[in-house]
Structure formats: structure tokens, C-alpha cells
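These are the residues of each chain, in order.
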Amino acid sequence: MDTYEVNKDTCAIISVNDEITKVIEIEGEYLVNTSCYKVMENSCEYYGSSYQGRLKGTRAILGSSYKPPIVVEESNELIFFPTESANSDTCTWFSLNNIASYEKSGGFTKVTFTNGKSVFIKMSTGCFETQVLRANRLGSLMKKRLQ
């Protein structure tokens, strides 16, 4: 597959390397022949904006933040957050809406999705929780502004 746009069934966008991305959805997994960053950039454009525009919007709402979450699409509340710099070849993006739980597991964080599938990421659980909280705050402030 050469292109992919995130949707309500997307759980995670995982960078395999700078040219291949693994996509985990509720019902399946796919490999995409493009970078993780490009998947996020294409997804923002698919829904009528740009990645830079979404990033600028997040910064305006939350203030300047490190590893900011973005709202890829408002009506379906497609909010994604990165595990590290979006430009990094090892960045993973998670869909806030499809995370059921997360917990420490050795030197990893185990993230379980709403479909029961899990992934292990090399990130402290505290840092992961900070990202979840930022994404929740962004979603909450967006809802308030849209009312």
C-alpha cells in the first residue's frame, strides 16, 4: 500500500523505518510504503488541512508544547499524539480514542487498544501518560470551542 489516511478505526501509526510504516487498525494491520510523518501529513491534507496548520492550531490552544498532539479531523474527534519528535524515524503516533489502557511492563509501556490488541513501546509509562493527558486536554478544549 502506498498511501493511507487515518480514520476512526486507526489505533497506531508505527514507524518501521524512514520509508515504511506499520498501521494498526481495529480489524487489521497494514504496511504502508511511506514514512510515518508522511502518513500523518497526508491524513491532515485528506481532511482539508495541513500538518503544519494542525500543529499551529494545537500550539495556539495548548501553548507551546513538546511532542504536541494534533486533531487530524474534528467531527470524528481524530486526535493523535506522538511518542517522540514527529520528524524522528522511530516516532509512533497513537489514536487517543482507541486506547483502552496502558501499563508499565519491564522497560517498556504496554499499550492495549479497544480491540484487545497490545503493543509494547520503548517509552516510560509516565511520559506516555503525559502525552495522553495533553491529547485529552486538546480534545476537551476543542469541544468547548466548538460549542
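The structure we're discussing is the one just above.
Residues numbered from 1 in each chain as written. Predicted model: local features only at pLDDT ≥ 70, side-chain atom pairs only at ≥ 80, totals over all residues. Heavy atoms only, no water.

Within the protein one finds three helices and nine strands. Sequence-ordered secondary structure for the protein, helices as α and strands as β, is β-β-β-α-α-β-β-β-β-β-β-α. For the protein, the C-alpha atoms occupy an extent of roughly 40 × 35 × 25 Å along the three principal directions. Considering only intrachain contacts with a sequence separation of at least 6, the fraction spanning at least 24 residues in the protein is 42%. Accessible area for the protein stands at about 7500 Å²; split by element, carbon and sulfur atoms hold 47% of it. Measuring between centres, the 16 positive side-chain charges of the protein sit 10 Å from its 17 negative side-chain charges. (Helix = DSSP H or I, 4+ residues; strand = E, 2+ residues; numbered from the N terminus. Contact = heavy atoms within 4.5 Å. Areas by Shrake-Rupley, 256 points an atom, 1.4 Å probe, with all protein chains shown as cover. Lys, Arg positive; Asp, Glu negative; His and termini not counted. Charge placed at Lys NZ, Arg CZ, Asp CG, Glu CD.)

This part covers the nonpolar core. Counting 23 residues, the largest nonpolar core has Phe81, Phe94, Val111, Phe113, Val119, Ile121 and Phe128 as its most contacted members. Contributing elements (two or more residues each) for this core: β1 (10-15), β5 (78-82), β8 (108-113), β9 (118-121) and α3 (125-146). Broken down by element, the residue count for this core peaks at six residues, all from α3. Setting aside chain neighbours within four positions, we find Val119 in contact with Ile14, Ile24, Phe94, Thr109, Lys110, Val111 and Phe113. Among the nonpolar cores identified, the runner-up in size contains 18 residues, and Val23, Cys36, Leu78 and Phe80 belong to it. (Core = buried A, V, L, I, M, F, W, Y, C linked by side-chain atoms within 4.5 Å. Buried < 20%, exposed > 50% of the residue type's maximum accessible area, 1.4 Å probe, protein only.)

On to the sheet that holds strand β4 (residues 70-73). Strand order in the open sheet formed by six strands is β3-β2-β1-β6-β5-β4, with antiparallel pairing between adjacent strands. For this open sheet the edge positions go to β3 (29-32) and β4, each flanked by a neighbour on one side alone. Within the sheet, the average angular offset between the axes of one strand and its neighbour, ignoring direction, is 25°. Where β4 lies against β5, three bridges are found, and the strand directions are antiparallel. (Pairing = 2+ DSSP bridges. Axes fitted to C-alpha atoms, helices over the stretch in contact; angles between N-to-C directions.)

The three strands are arranged β7-β8-β9 in an open sheet whose pairing can be described as antiparallel. Each end of this open sheet is capped by a strand with a single partner; those strands are β7 (99-105) and β9. Between one strand axis and the next, the sheet turns by 20° as a mean value, whatever way the strands run. Of the pairings in the sheet, the one linking β8 to β9 comprises four bridges and is antiparallel in character. Across the sheet, residue Lys110 finds its bridge partner in β9, namely Phe120. Helix-sheet contacts for α3 involve β7, β8 and β9, and the interaxial angle to β7 is about 160°.

It is worth spelling out the pattern of salt bridges at this point. The full count for this structure, using the stated rule, is six salt bridges. As a salt-bridge pair, Glu74 and Arg54 come within 2.5 Å of each other at their nearest N and O atoms. Placement of Glu74 in the loop between β4 and β5 and of Arg54 in helix α2 (residues 51-62) is noted, with a sequence separation of 20 residues between them. (Salt bridge = Lys/Arg side-chain N within 4 Å of Asp/Glu carboxyl O.)

Mapped onto the secondary structure, Asn98 falls in the loop between β6 (92-95) and β7. Residue Asn98 is classed as buried on the basis of its relative accessible area, which comes to 6%. Among all residues touching Asn98, those that are not within four sequence positions of it are Lys8, Asp9, Thr10, Cys11, Ile26, Thr112, Phe113 and Thr114.

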